[in-house]
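# Remarks on the overall topology
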Protein chains: 2
Amino acid sequence: MRPTVTDIAREAGVSLATVDRVLNGRPGVREKTISAVNEAIARLGYVRDLAAANLARGRSYKVAAILPDTESQFVQSLADALATAGSLAVTSRIDLRLLRFPAEDPHQLAALLASLPHQGYVGAALMAPETPVVRDAVRLVRSKGIPVVALVSNLPNAGCDHFVGIDNTAAGRTAGVLMGRFLGAGPGQIIVVGQSLLARDMVDRRRGFDEVMLRDFPNLDVLPSLETHGSSGTLREVVTRRLANSPNVIGIYSMGDGHRALTQLIDDMKLSGRITVICHELTPHVRTALQQGQVTAVITQNLGHLARSTLRVLRAKADNQPLDESQEQIRIEIVLRENLPILPDPPGPTPDDQIA
Amino acid sequence: MRPTVTDIAREAGVSLATVDRVLNGRPGVREKTISAVNEAIARLGYVRDLAAANLARGRSYKVAAILPDTESQFVQSLADALATAGSLAVTSRIDLRLLRFPAEDPHQLAALLASLPHQGYVGAALMAPETPVVRDAVRLVRSKGIPVVALVSNLPNAGCDHFVGIDNTAAGRTAGVLMGRFLGAGPGQIIVVGQSLLARDMVDRRRGFDEVMLRDFPNLDVLPSLETHGSSGTLREVVTRRLANSPNVIGIYSMGDGHRALTQLIDDMKLSGRITVICHELTPHVRTALQQGQVTAVITQNLGHLARSTLRVLRAKADNQPLDESQEQIRIEIVLRENLPILPDPPGPTPDDQIA
DNA sequence: GCATTTCTGAGGAACGTACCTCATTTTTTG
DNA sequence: CAAAAAATGAGGTACGTTCCTCAGAAATGC
């Protein structure tokens with residue numbers, strides 16, 4: 001049997017009330033007594049029964065997931081994954097609220113963040129570019145004791161409690177090897193496209209990609225990055241121009257989430273199968289492109305995993321509990337047509353036997 | 001606030017005791033009353049608080065993980081992963097026992113399985129080849145109400161409650177594409193090695209591999225499978241012979257867990273870098289081989305994930321709860337030198353702040 | 001319609017923890 | 001050394017559930 005608070009009280013020779021005071025950091029206990037209790041805890045290997053504790057507290061973890069209001073398929077899928085994970089997590093007393101902010105307005109985001117403490121939130125996950133305004137807002141929230149974790153794109157200077165997402169430099173490197181090995185010896189040119197060179201994840205991916213290409217595949221000529229600023233029109237325009245100007249393009253690396261416009265372009269120019277295309281994020285649309293051959297490989301992260309990890313991390317941070325790092329390390333997944341995971345069943349209603 | 005049993009009693013116009021009888025399937029309640037209670041449950045959207053229920057029950061989930069006693073690095077790593085997951089899961093009242101059986105003796109395994117019901121087990125995960133004896137033993141245990149899940153290698157005809165592991169045919173296909181694409185147009189020969197053609201997972205992998213090779217890479221000549229029966233000596237012998245007899249081997253697909261002997265052989269024959277080697281399972285040893293270049297790519301599954309999934313599934317089955325299928329789908333991971341995940345910290349003792 | 005069986009209700013104890021109050025002891029301070 | 005302050009103990013209630021007993025009500029058999 002696991003030891004309980006009563007056992008500790010007995011072992012430490014103090015009363016239950018004192019153990020409780022120590023355990024919950026309540027004032028009015030002498031240092032000497034505190035260490036006596038802690039020693040008893042260590043001796044007995046006591047681990048607090050969090051389920052019972054939460055039951056007693058009547059606690060629920062109100063947490064926020066804050067995403068930009070862009071309607072990209074990736075953000076949408078992420079929102080869905082979070083919502084699903086959140087609804088399944090009511091069992092573990094997690095109350096997840098999805099909040100959105102105008103993608104181009106860091107001040108509104110800052111205001112949103114600042115309002116969290118008054119509303120009983122015990123944690124927040126944030127997907128946003130790191131501007132000074134945002135950075136300060138994050139610092140403010142954290143200083144009020146609310147943990148903040150960065151989602152998908154890291155915020156290295158905001159001092160977040162954790163980063164939930166993949167190592168983007170490693171992801172870029174992976175894209176590099178695949179590109180290099182799939183293309184064989186070369187020679188040829190490679191187009192690189194991304195939303196913006198200001199976003200952290202883009203920069204990291206490009207760096208990783210270049211690292212591998214320069215070192216291992218010197219015959220492949222990686223052209224300067226093209227920026228789309230999230231616009232299909234711009235993408236079409238810049239890529240078309242680059243293709244026209246470059247005689248021997250044999251690969252395209254799309255660093256952002258897979259662009260619908262890119263697939264379209266590949267179709268229009270009949271490039272499918274003749275050119276190796278690697279992109280990120282397995283959205284429904286990229287799935288199709290993979291199956292039909294416009295896209296050769298996808299570097300992705302499992303959004304369900306990401307969402308559940310977010311919730312676990314927020315909960316652990318709120319409880320001041322240590323993380324199981326190996327569980328929270330989001331894997332970089334490589335998806336080819338052949339290992340395309342079967343589409344899971346649609347969410348569906350809670351079956352009746354839920355409470356059986 | 002979530003509704004509680006008291007709310008249901010009020011809503012259904014019955015007493016708490018009756019609600020409890022219905023909820024826990026205890027006898028002595030009229031059909032009519034049962035449905036009245038169930039309707040109230042549905043109306044209020046009641047979901048039992050499992051944490052409170054388990055607390056009241058004083059329940060712990062005693063489950064078994066049954067592995068062969070082979071000392072392969074894969075099985076060893078799996079055992080470690082299970083042990084780690086198990087010790088972290090004491091928080092959720094899971095009491096995992098690791099049991100081993102002599103790899104070549106299905107009768108001992110059957111006896112072990114048969115002994116589970118008397119020992120208070122509420123579930124078991126089993127990694128074993130599917131022989132008739134084992135199949136019947138599994139059926140017997142399940143008929144006693146103890147759920148059994150297959151681990152790593154499926155037991156399709158034993159009627160297990162679940163299979164925790166990857167889709168091996170898809171894994172074989174993935175190995176196929178990688179081999180094909182890495183080797184380019186060919187021509188050349190490919191050696192395929194595996195433990196035994198009787199093991200289900202080997203058969204599935206070979207089928208998937210052939211499917212892709214025949215369809216997409218007809219210039220590559222896949223030679224008949226070689227069997228090692230788990231012996232390093234045999235491996236060395238058969239592969240050496242095959243290499244001597246085949247003029248143009250450019251790839252090796254090792255279907256079992258990465259063989260230390262294979263790496264050794266590649267080194268001895270100075271094949272590293274000149275031949276594409278794909279194998280399964282990212283054991284410590286395969287990690288090194290990947291870093292040093294003897295192995296080109298590894299198809300693997302995350303053992304931590306596998307272990308945690310096993311525990312979640314067993315717990316859900318013991319509770320008759322539905323699974324979150326998408327969470328339990330183990331992904332087929334492709335590991336290259338470039339996306340080699342950072343080795344997580346050694347397990348280490350429980351930090352002091354565990355109970356903070 | 002009366003005995004018998006089957007249902008139902010009321011209540012309590014327990015699980016391990018949190019959190020509260022009040023009384024008592026111990027320590028500190030002047 | 002007394003008074004004030006600080007530390008500790010004792011005890012209770014609560015969280016949402018399980019599981020038990022016993023009394024009383026309702027349905028059933030003859």
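Residues numbered from 1 in each chain as written. Chains lettered and ligands numbered in written order. Predicted model: local features only at pLDDT ≥ 70, side-chain atom pairs only at ≥ 80, totals over all residues. Heavy atoms only, no water.

Across its full length, chain A holds 14 helices and 12 strands. Principal-axis analysis of the C-alpha atoms places the extent of chain A at approximately 85 × 45 × 40 Å. By the burial criterion, 52% of the 356 residues in chain A qualify as buried. Taking all contacts inside chain A whose residues are at least 6 apart in sequence as the whole, residues at least 24 apart take part in 71%. (Helix = DSSP H or I, 4+ residues; strand = E, 2+ residues; numbered from the N terminus. Buried < 20%, exposed > 50% of the residue type's maximum accessible area, 1.4 Å probe, protein only. Contact = heavy atoms within 4.5 Å.)

Our next topic: the protein's contact with DNA strand D. Surveying the vicinity of DNA strand D reveals 26 residues, the closest of which are Ser15(A), Thr18(A), Thr33(A), Tyr46(B) and Ala56(B). Counting only the atoms of DNA strand D that lie within 4 Å of the protein, the sugar and phosphate share comes to 73%. In the model, a phosphate oxygen of DNA strand D is placed 2.8 Å from a nitrogen or oxygen of the Val5(B) main chain. A distance of 3.1 Å is found between a phosphate oxygen of DNA strand D and a side-chain nitrogen or oxygen belonging to Asn24(B). Partitioned by chemical class, the residues of the surface near DNA strand D number 10 nonpolar, seven polar and nine charged. (Near = heavy atom within 4 Å. Polar contact = N/O pair within 3.5 Å; in protein donor to acceptor, adjacent residues only side chain to side chain. Nonpolar A, V, L, I, M, F, W, Y, C, P; charged D, E, K, R; others polar.)

A separate point is the pairing of strand S11 (residues 297-300) of chain B. Residue and element names in this part refer to chain B. Residues of S11 alternate between two faces, with Ala297 and Ile299 on one and Val298 and Thr300 on the opposite face, all of them buried. For strand S10 (residues 276-280) and S11, the ladder comprises three bridges, and the chain directions are parallel. Bridge pairing in S11 links Cys279 to Val298. For the crossover from S10 across helix H12 (residues 284-292) to S11, the handedness is right-handed. With three bridges connecting them, S11 and strand S12 (residues 333-335) associate as antiparallel partners. (Pairing = 2+ DSSP bridges. Right-handed = clockwise from strand over helix to strand, strands pointing away.)

What follows covers the domain arrangement of chain A. Residue and element names in this part refer to chain A. Domain annotation for chain A reports domain 1 (5-48), domain 2 (61-165 + 303-328) and domain 3 (168-300). Using only C-alpha atoms to locate each centre, domain 2 and domain 3 end up separated by 29 Å. Across the boundary between the two partners, domain 2 contributes eight residues, which contact nine residues of domain 3. Here domain 2 and domain 3 share an interface that buries about 700 Å² over both sides, 51% of which is from carbon and sulfur atoms. The largest share of the area that domain 2 buries against domain 3 comes from Gln73, Phe74 and Ser153, three residues that together contribute 60% of it. Across the domain 2-domain 3 interface, the total number found is zero salt bridges. Between the two partners, domain 2 and domain 3, sit two residue pairs in polar contact (both at pLDDT 80 or more). (Domains from an automatic or database assignment. Buried area = accessible area lost by both parts, 1.4 Å probe. Salt bridge = Lys/Arg side-chain N within 4 Å of Asp/Glu carboxyl O.)

Relative to chain B, chain A is turned by 180° and slid 0.2 Å along the rotation axis, the superposed coordinates differing by an RMSD of 0.3 Å. Both copies of the chain, as the preceding transformation shows, are related through a two-fold rotation axis. Comparing interface residues between copies, 100% of those in chain A also sit at the interface in chain B, which points to an isologous, same-surface contact. (Least-squares fit on C-alpha atoms with pLDDT ≥ 70 in both.)

Moving on to the side chain of Gln301(B). Residue and element names in this part refer to chain B. Positionally, Gln301 belongs in the loop between S11 and helix H13 (303-318). Its relative accessible area of 3% is what places Gln301 among the buried residues. Among the polar contacts listed, one links the side chain of Gln301 to the side chain of Glu281, at a separation of 3.1 Å. Residues within four places of Gln301 in sequence aside, it is in contact with Phe74, Val152, Gly165, Ile166, Glu281, Leu306, Ile330 and Arg331.

In the vicinity of DNA strand C lie 25 residues, with Tyr46(A), Arg48(A), Ala56(A), Thr18(B) and Thr33(B) positioned nearest. Backbone atoms, meaning sugar and phosphate, make up 74% of the atoms of DNA strand C lying within 4 Å of the protein. At a separation of 2.8 Å, a phosphate oxygen of DNA strand C approaches a polar backbone atom of Val5(A). Within the contact set of DNA strand C, a phosphate oxygen lies 3.2 Å away from a side-chain nitrogen or oxygen of Asn24(A). If you tally residues by element for the surface near DNA strand C, the top one is helix H4 (residues 50-57) of chain A, at four residues. Considered class by class, the residues forming the surface near DNA strand C number 10 nonpolar, seven polar and eight charged.

Attention now moves to the packing of helix H6 (residues 106-115) of chain A against helix H7 (residues 132-143) of chain A. Residue and element names in this part refer to chain A. One can describe the packing of H6 onto H7 by two numbers: an axis separation of 9 Å at closest approach and a directional angle of 0°. The angle between H6 and H7 places the two elements in the roughly parallel class. Counted together, Pro106, His107, Leu109, Ala110, Leu113 and Ala114 of H6 and Val133, Val134, Ala137, Val138, Leu140 and Val141 of H7 form the full contact between these two elements. Broken down by class, the residue content of the contact of H6 with H7 amounts to 11 nonpolar, one polar and no charged. (Axes fitted to C-alpha atoms, helices over the stretch in contact; angles between N-to-C directions. Parallel < 35°, antiparallel > 145°, perpendicular 65-115°, else oblique.)

Moving on: the side chain of Arg206(A). All names here are of chain A. Mapped onto the elements, Arg206 comes out in helix H9 (residues 200-216). Among the polar contacts made by the side chain of Arg206, one reaches the main-chain carbonyl oxygen of Leu223 at a distance of 3.1 Å. Once residues within four sequence positions are removed from consideration, Arg206 is found in contact with Val192, Val222, Leu223, Pro224, Ser225 and Met255.

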